[in-house]
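Residue-level structure breakdown
One letter stands for each residue in the lines below.
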Amino acid sequence: MKIPRRRALMGLGTAAMLPLAAGAQNASQPKAAGAKPIRIAVMHFAHETVTFLPYDTTTDDFIYEGSPARGEALLSSQPTGYIGGFVKVAREYANVELVGIESPLGSKKGSGSGWITKEAFQHFLDKMITDLKAQGRFDGAYLALHGAMGVRDVAKPEAEIARRVREVIGPKAFMVGTFDPHGNEDADFLRYSNLAFCIKYYPHYDGYLQGERAARTLVRCIRGDYKPVSATRKPPILTPSVLQWTGASPWMDIVQRALTWEAREPDAYVNFFYGFAFADSVDAGMCFQVMTNGNPELANHIADDMAGAAWRQRDDLLNHTKVYRHKEGVRLAKEALQKGSVPFVLADHSDRSGAATWLLQEIIEQKLSGTLIGTIADEQAINTLRKKGVKVGDAFDMEIGGRIDVSAGKPVRVVGKVHTVSGGLSRRSGGSQLWVSVKFGDGNVVVISPYLSQIIQPRSFLDLGIDPDTFKGFAIKSRVHFRRGFYDSGYAKTVLLVEPDDPFVGTVRLEALNYQHLPVKKLYPYAKNITFQVKGPGKLSEYPGRDGTDGGG
Ligand SMILES: [Zn+2]
């Protein structure tokens, strides 16, 4: 079987490869005495850009109290995320120095904003590069990225970041990136970086774990114990995020397949990028990356196997999840209320600005009761309320939400009483924003926030002074992340995914979006008569891996 040999990366051949796992104990053992000192630069630049939103993401959106961050502030910026895991494991090794390079943290608008301006991208990347140069020589670099950053006139921003960093650290240093599975990736990032580690689950449970693996494998590379080779496959499949829940088949099966490869082959790592359809980039869509320790045949074999498995299940990947229109969703929520199948969750998966009022409108129209609606993003309303010096118990009569674009719908008049005034979610802003909730109708409360907010845990409402247990149902803006707190926890009894009648920005009907860069007509399910050739599953005799261990049971 002919195997395309991956171009040797930055002078790294495969000739010197070690037998799998040999030397591991002495080369990179944590706290090994006398280990050669190594320096690793840590950087962060991440955004999931919804390029169909009508307003750009600018320099200002990344500048706020605490961002940009550098030094220890950057290293401690994600205690339970990628960087937290990376720092924890890197510091378990002897003589490893981590240097936090000045980096922007997440946008204050979350993912609820459009194209990043070229000026903003260059501004922060230039600052990172300047600081990187100023900090001296490095043996390794860690980039905490997302993968679906959309920058005007920059086709593949993450690959561009890696290219610039490689120019500074030189061909002999090693580089690793961590990614979100909603990244739109291909092989380009790995032209400049040696390694990439991507979250496997949606909801994204394993950021910390991938950070840990990134640190361990990077240190092993630097100490000569891991010779990274990779293979990339891009099956032409484009899916909207709401369908990608990995808690159910067939998405679960593909994750499981990746985990099985990692379990049976020491030192093999499998990245499964689901892709992000709402960033209009040339490389949007599904992708697999496989890394092995100096074994390109194995990397290619696994990559073929993964891509083949996804391709065989392409129909099911798109069609197993039911998404209702708002009218039907609210009707079903009322039914759940009557049957006592509560609490229910109505998740408007399609609202990408946070300002959408379709569901609120429908709740008012159908007189749904006992429902906590969180949130309607409306910066203007929040500013008005701030000027007024809003207080708990004030009478409230205002139009909220909408306005941003057609996808947000019309502002909706809410008449009621101010229920709570708070600083917002502590996990996002440290509770420094102004959030207001209003009681109206038959036991309903609507939360107004300045920006898009995805409520993923019922207990998040406690930050706002609202007890979630006093409600029969929730109307939130989330696709899959809410399952963490509302479903995987066993909290909600009924889950209803909803979207508006018209196919707006966040729709599952991707054919309605005006793609300029992504060749959507070449991707399943929008292509006619599409074929995709992969080698897998192949003959057993051609399988290049090791023999497994036998056992009883
Ligand atoms: Zn994601």
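First, a word on what this report is: a plain description of the structure on this page.

Rules used in this analysis
Residues numbered from 1 in each chain as written. Predicted model: local features only at pLDDT ≥ 70, side-chain atom pairs only at ≥ 80, totals over all residues. Heavy atoms only, no water. Helix = DSSP H or I, 4+ residues; strand = E, 2+ residues; numbered from the N terminus. Rg over C-alpha atoms; globule rule 2.2 N^0.38 Å. Buried < 20%, exposed > 50% of the residue type's maximum accessible area, 1.4 Å probe, protein only. Contact = heavy atoms within 4.5 Å. Donors = N, O, S within 2.8 Å, 3.2 Å for Na, K, Ca; no water. Tetrahedral: all angles 85-135°; square planar, octahedral: opposite > 155°, others 65-115°. Salt bridge = Lys/Arg side-chain N within 4 Å of Asp/Glu carboxyl O. Pairing = 2+ DSSP bridges. Axes fitted to C-alpha atoms, helices over the stretch in contact; angles between N-to-C directions.

Turning our eyes to something else, we now look at the overall build of the chain. Per the secondary structure count, the chain includes 15 helices and 17 strands. The C-alpha radius of gyration computed for the chain amounts to 24 Å, which stays within 12% of the reference 24 Å derived for 553 residues, consistent with globular compactness. Each of the three principal axes of the chain carries a C-alpha extent, and together these read 75 × 50 × 50 Å. Buried residues in the chain amount to 60% of all 553 residues. Residue pairs at least 24 apart in sequence account for 76% of intrachain contacts in the chain once pairs closer than 6 positions are excluded.

It is worth spelling out the coordination of the zinc ion at this point. Under ideal tetrahedral coordination, the four donors around a metal are separated by 109.5 degrees; under ideal octahedral coordination, the six donors are separated by 90 or 180 degrees. The protein atoms that coordinate the zinc ion are Asp 180 (OD), Asp 180 (OD), His 182 (ND1) and His 204 (NE2), at distances spanning 2.0 to 2.6 Å. Between the four donor atoms coordinating the zinc ion, the angles at the centre fall across 53 to 144 degrees, so the site counts as irregular.

On inspection of all chains with the given rule, the structure shows 29 salt bridges. For the salt bridge of Lys 200 with Glu 262, the shortest nitrogen-to-oxygen distance reads 2.7 Å. Here the residue Lys 200 occupies a position in the loop between strand E5 (195-198) and helix H7 (207-222), and Glu 262 occupies one in helix H8 (residues 251-264), the gap between them amounting to 62 residues. Here the two residues Lys 200 and Glu 262 agree in accessibility, since each one is buried. If you follow the salt bridges from partner to partner, you end up with Glu 328, Arg 331, Glu 335 and Lys 339 in one network.

Taken in spatial order, the three strands make up an open sheet running E6-E8-E7, and their pairing is antiparallel. The open sheet has two edge strands, strand E6 (228-233) and strand E7 (269-273), and neither has a second partner. Neighbouring strand axes in the sheet, compared pairwise and without regard to direction, differ in orientation by 15 degrees on average. For E6 and strand E8 (residues 287-293), the ladder comprises six bridges, and the chain directions are antiparallel. Looking at the pairing, Ala 231 lines up with Val 290 of E8. Packing against the sheet, H8 makes contact with E7 and E8, and its axis sits at approximately 160 degrees to E7.

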